[in-house]
Amino acid sequence: QLLACSGRRRARPYNGREAAMGAKHKAKSIYLDESLICLNLDAPDKEAVIHQLAALLSACGAVGPEYGRAVCERELRFPTGLPTRGVGVAIPHADGEHVRFSALALATCASPVAFGNMGNPDETLPVELVIMLAIADGKEQVQVLRQLAEAFGEPAILQALRAARTPEEVIRILREQVLAPSAG
């Protein structure tokens, strides 16, 4: 059962032709779509957020139905909360074995949700922004995690994502400020 969130659109099945032509909101090889953005999610805990985002990724075909369980299991061993300034962030993910194609889902939480601190698993962090990765290739996953960590060191980017009022605005910020190819 999906939780209530504003701005969510019906999931579109992934279309390989769309990918070959350059999907409307595709950054690099990561599928981005408004149906994978959930604004003001009212979730009681991290497990609910994880299962919500995994359900969205499953609905578009990016992951199998077991992805949410795999992410929750990994989160117990390897927490993904980041001690960022301003807006708390978590980047839950699982191994690529459950991933059919690379995609990203994002939720802003109506109220902060406790996630374990990546750097200190005994500590919890209040998280308002959750980015779930579904990346098939391990090298690509490391690259995307690096891009996210670098971008999330900028409080202005976090504030912009948290304040976004539409899924389209979130996608624009992700494409232009988070997943944009590095200059150089």
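Refer to the structure above for everything that follows.
Report follows, based on the coordinates. On a predicted model such as this, the values are computed, not experimentally measured, just so you know. The residue numbers shown here count from 1 along each chain, following its written sequence. At least 70 in pLDDT is required for a residue's local features to be given in this predicted model, at least 80 for side-chain atom pairs to be given and counted, and no such filter applies to totals for whole chains, interfaces and linings, which use all residues. Calculated side-chain values reflect all of the structure's heavy atoms, with hydrogen atoms and water omitted.

## Side note on the overall build of the protein
Okay, so step 1: Only DSSP runs of H or I reaching four residues or more are called helices, and only runs of E reaching two or more are called strands; each is numbered from the N terminus. Scanning the protein for helices and strands turns up six helices and five strands.
Okay, so step 2: Exposure categories follow from relative accessible area, calculated using a 1.4 Å probe and restricted to protein chains: below 20% of the type maximum is buried, above 50% is exposed, and the middle band is partly exposed. In the protein, which comprises 184 residues, the proportion classed as buried is 51%.
Okay, so step 3: Contact definition: two residues touch when any of their heavy atoms are within 4.5 Å. In the protein, the share of contacts with a sequence separation of at least 24, taken over all contacts with a separation of at least 6, comes to 72%.
Okay, so step 4: All accessible-area figures derive from a Shrake-Rupley calculation using a 1.4 Å probe, and residue coverage is judged against the displayed protein chains alone. Surface exposure of the protein reaches about 8700 Å², of which carbon and sulfur atoms provide 49%.

## Brief notes about helix H5 (residues 155-163)
Okay, so step 1: Of all the residues in H5, the buried ones are Ile157, Leu158, Leu161 and Arg162. Seen end-on, H5 carries its buried residues on one side only, within an arc spanning 130°. Every exposed residue of H5 that faces more than 90 degrees away from the buried side is listed here: Ala156 and Ala163. This arc describes the spread of directions from the helix axis toward the C-beta atoms.

## Quick notes on the environment of Leu56
Okay, so step 1: Structurally, Leu56 is set in helix H2 (residues 46-59).
Okay, so step 2: Residue classification places Leu56 among the buried positions, given a relative accessible area of 4%.
Okay, so step 3: It is 9.8 Å that separates the C-alpha atoms of Leu56 and Leu104, two residues lying 48 residues apart in sequence.

## A few points about the pairing of strand S1 (residues 37-41)
One face of the sheet, then the other: side chains in a regular strand alternate in exactly this way.
Okay, so step 1: Buried residues dominate S1, accounting for four of its five residues.
Okay, so step 2: In short, DSSP must find at least two bridges between two strands for them to pair. Relative to strand S4 (residues 103-116), S1 runs parallel, the two being bridged by three bridges. Note on S4: the bridge partner recorded for Ile37 is Leu106.

## Brief notes about unusual backbone geometry
Okay, so step 1: Positive phi outside glycine occurs at Asn40, with the angle close to 55°.
Okay, so step 2: By relative accessible area, which is 41% here, Asn40 ends up partly exposed.

## Topic: the packing of H2 against helix H3 (residues 67-77)
Okay, so step 1: Between N-to-C directions, angles span 0 to 180 degrees; the directions come from axes that are lines fitted to C-alpha atoms, helices contributing only their stretch in contact. One can describe the packing of H2 onto H3 by two numbers: an axis separation of 8 Å at closest approach and a directional angle of 145°. Crossing handedness for the pair H2 and H3: right-handed. Contacts between H2 and H3 involve Lys46, Glu47, Ile50, His51, Ala54 and Leu57 from the first element and Tyr67, Gly68, Arg69, Val71, Cys72 and Glu75 from the second.
Okay, so step 2: The residue makeup of the contact of H2 with H3, split by class, is six nonpolar, two polar and four charged. Here a crossing is called left-handed whenever its near helix is offset anticlockwise from the far helix by less than a right angle, and right-handed whenever the offset is clockwise. Here the term charged refers only to Asp, Glu, Lys and Arg, the term nonpolar to Ala, Val, Leu, Ile, Met, Phe, Trp, Tyr, Cys and Pro, and the term polar to all other amino acids, Gly among them.

## What to know about the side chain of Glu75
Okay, so step 1: Checked against the element boundaries, Glu75 lands in helix H3.
Okay, so step 2: Among buried Asp, Glu, Lys and Arg side chains, Glu75 stands out as unpaired, with Lys46 the closest opposite charge at 5.0 Å.
Okay, so step 3: With residues up to four places along the chain from it excluded, the contact list for Glu75 reads Lys46, Ile50, Thr80, Gly81, Pro92 and Phe115. Under this rule, positive means Lys or Arg and negative means Asp or Glu; His and the chain ends count for nothing. What makes a salt bridge here is a side-chain nitrogen of Lys or Arg within 4 Å of a carboxyl oxygen of Asp or Glu, nothing more.

## Brief notes about the pairing of S4
Okay, so step 1: Where burial is concerned, most of S4 is hidden: ten out of the 14 residues are buried.
Okay, so step 2: Across ten bridges, S4 lies against strand S5 (residues 124-134) in antiparallel orientation. Counterpart to Ala103 in the pairing with S5 is Ala134.

## Regarding the sheet that holds S4
Okay, so step 1: Taken together, five strands build an open sheet; the order of strands is S1-S4-S5-S3-S2 and the sheet is mixed. Strands at the two margins of the open sheet, each flanked by one partner only, are S1 and strand S2 (81-82).
Okay, so step 2: Contacts between H2 and the sheet are confined to S1, S4 and S5, with S4 contributing the most and set at about 165° to the helix.
Okay, so step 3: On top of the sheet, helix H6 (residues 167-178) reaches S1 and S4; it is set at about 115° to S1, its chief contact.

## Digging into the pattern of salt bridges
Okay, so step 1: Enumeration according to the criterion identifies three salt bridges in this entry.
Okay, so step 2: Arg69 serves as the salt-bridge partner of Glu73, at 3.1 Å between the closest nitrogen and oxygen. Of this pair, Glu73 and Arg69 both sit in helix H3, four residues apart, which is roughly one turn of that helix.
Okay, so step 3: Note on Arg69: relative accessible area 42%, which makes it partly exposed.
Okay, so step 4: Note that Glu176 and Arg172 form a salt bridge whose closest N and O atoms lie 3.4 Å from each other. Separated by four residues within a single helix, Glu176 and Arg172 lie in helix H6, roughly one turn from each other.

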